[in-house]
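In case you want the letters, here they are:
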Amino acid sequence: MIIRDIQPEEFEALGNIMVDVYSRLEDFPSPEEQPKYYEMLQNIGQLMQKPDTRVLVALSEEDEIFGGVVYFSDMKQYGSGGTATKEQGASGIRLLAVSPDARKQGIGKALTFHCIDLAKRSDNDQVILHTTKSMQVAWKMYEKLGFERSEDLDFKQADLPVYGFRLYL
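Being a predicted model, the structure only gives us computed values, none of them experimental.

Outline the overall build of the protein chain, supporting the account with residue identities and numerical values.
Tallying secondary structure elements over the protein chain gives four helices and eight strands in all. For the protein chain, the succession of helices and strands along the chain, N to C, is β-α-α-β-β-β-α-β-α-β-β-β. Overall, the C-alpha framework of the protein chain stretches about 40 × 35 × 30 Å when taken along its three principal axes. Looking at the protein chain alone, contacts between residues at least 24 apart form 64% of all its contacts between residues at least 6 apart. Total accessible area on the protein chain is roughly 8800 Å²; 47% of this is exposed by carbon and sulfur atoms.

Written out as structure tokens, the structure is:
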């Protein structure tokens, strides 16, 4: 597996994976309920226009996109509700998605480790992310990697509770 910055010709493919993954989550808002959120997912490459922001993809040796994630080396660009964007000395991870066909291969973990390494190289002392009850596979993975619940980062996206996590480096 190769992890690298996304290329413009891959924007649509990763956007399709993200919309597919998030729309399949049980008890997660549908595209009809939160069209702007799904528009952001579909147009994931546009997030690279934000300063200190990278969209990363995990690829097979044949350049098939397995999944992706957005990494923020400055939380001001993170774009969530709650207090996360005010955090200093922190990197952020958002919108991790792995294609259903590529699950159980350690791709989500590899993308997360890559973001942790980027945070260390940027001299940040923590990594912040958010997840929901609908994302139990990711939630458990983050806890196994050492992320701890951080209730001060919790917020609601419309009626959806969103839970904050931190990993101190």
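Mind laying out the packing of helix α1 (residues 11–24) against helix α2 (residues 35–42), listing which residues take part and the relevant values?
With their axes 7 Å apart at the nearest point, α1 and α2 run at an angle of 140° to one another. It follows from the interaxial angle that α1 and α2 lie oblique. In contact with F11, E12, G15, N16, M18, V19, Y22 and S23 of α1, α2 contributes Y37, Y38, L41 and Q42. In terms of residue class, the contact of α1 with α2 is made up of seven nonpolar, four polar and one charged.

Quick rundown of the side chain of E87? Include the residues and the values.
Among the structural elements, E87 can be located in the loop between β3 (65–72) and β4 (90–98). Engagement of the side chain of E87 in a polar contact is seen with the side chain of R166, the distance being 3.0 Å. Beyond its immediate chain neighbours, meaning those up to four positions away, E87 contacts M75, Q126, I128, D152, L153 and R166.

So what about helix α3 (residues 107–121)? Which residues, and what values?
Over its 15 residues, α3 extends 21 Å from the first C-alpha to the last, a length consistent with the 21 Å expected when each residue adds 1.5 Å. For α3, every residue scored as buried is listed here: I107, G108, L111, T112, H114, C115, I116, L118 and A119. Among the residues trailing α3, D123 stands out with phi positive, at a value near 65°.

Explain the layout of surface pockets to me, using residue names and the numbers behind them.
Where empty space is left becomes clear once a probe the size of a water molecule has been rolled over the atoms. When its volume is computed, the largest pocket comes out at roughly 1100 Å³. As for the largest pocket, its lining consists of 43 residues, of which L96, M135, V137, A138 and Y142 are closest to the centre. For the lining of the largest pocket, the elements supplying multiple residues, two or more each, are α1, β4, α3, β5 (126–131), α4 (136–144), β7 (155–157) and β8 (160–168). Top element by residues in the lining of the largest pocket is α4. It accounts for seven residues.

Which residues make up the pattern of salt bridges, and what are the values?
Overall, the coordinates contain seven salt bridges when judged by the stated rule. R54 serves as the salt-bridge partner of D5, at 2.8 Å between the closest nitrogen and oxygen. Note that D5 is positioned in strand β1 (residues 2–5) and R54 in strand β2 (residues 53–59), a separation of 49 residues in sequence. On the basis of relative accessible area, D5 is assigned to the partly exposed category, the value being 29%.

So what's going on with the pairing of β4? Residues and values would help.
Buried residues dominate β4, accounting for nine of its nine residues. Pairing of β3 with β4 involves five bridges; the strand directions are antiparallel. In the strand pairing of β4, G67 is matched with V98. Pairing geometry for β4 and β5, over four bridges, is parallel. Among the inter-strand pairings, I93 is bridged to a residue of β5, identified as L129. Crossover connection from β4 via α3 to parallel β5: handedness right-handed.

So, how was this worked out
Residues numbered from 1 in each chain as written. Predicted model: local features only at pLDDT ≥ 70, side-chain atom pairs only at ≥ 80, totals over all residues. Heavy atoms only, no water. Helix = DSSP H or I, 4+ residues; strand = E, 2+ residues; numbered from the N terminus. Contact = heavy atoms within 4.5 Å. Areas by Shrake-Rupley, 256 points an atom, 1.4 Å probe, with all protein chains shown as cover. Axes fitted to C-alpha atoms, helices over the stretch in contact; angles between N-to-C directions. Parallel < 35°, antiparallel > 145°, perpendicular 65-115°, else oblique. Nonpolar A, V, L, I, M, F, W, Y, C, P; charged D, E, K, R; others polar. Polar contact = N/O pair within 3.5 Å; in protein donor to acceptor, adjacent residues only side chain to side chain. Expected span 1.5 Å × (residues − 1). Buried < 20%, exposed > 50% of the residue type's maximum accessible area, 1.4 Å probe, protein only. 1 Å grid on protein atoms, 1.4 Å probe; cavity = no way out; pocket = protein on both sides within 12 Å on 5 of 7 lines; lining within 4 Å. Points joined across faces, edges and corners; volume = space filled by probe spheres on them. Salt bridge = Lys/Arg side-chain N within 4 Å of Asp/Glu carboxyl O. Pairing = 2+ DSSP bridges. Right-handed = clockwise from strand over helix to strand, strands pointing away.

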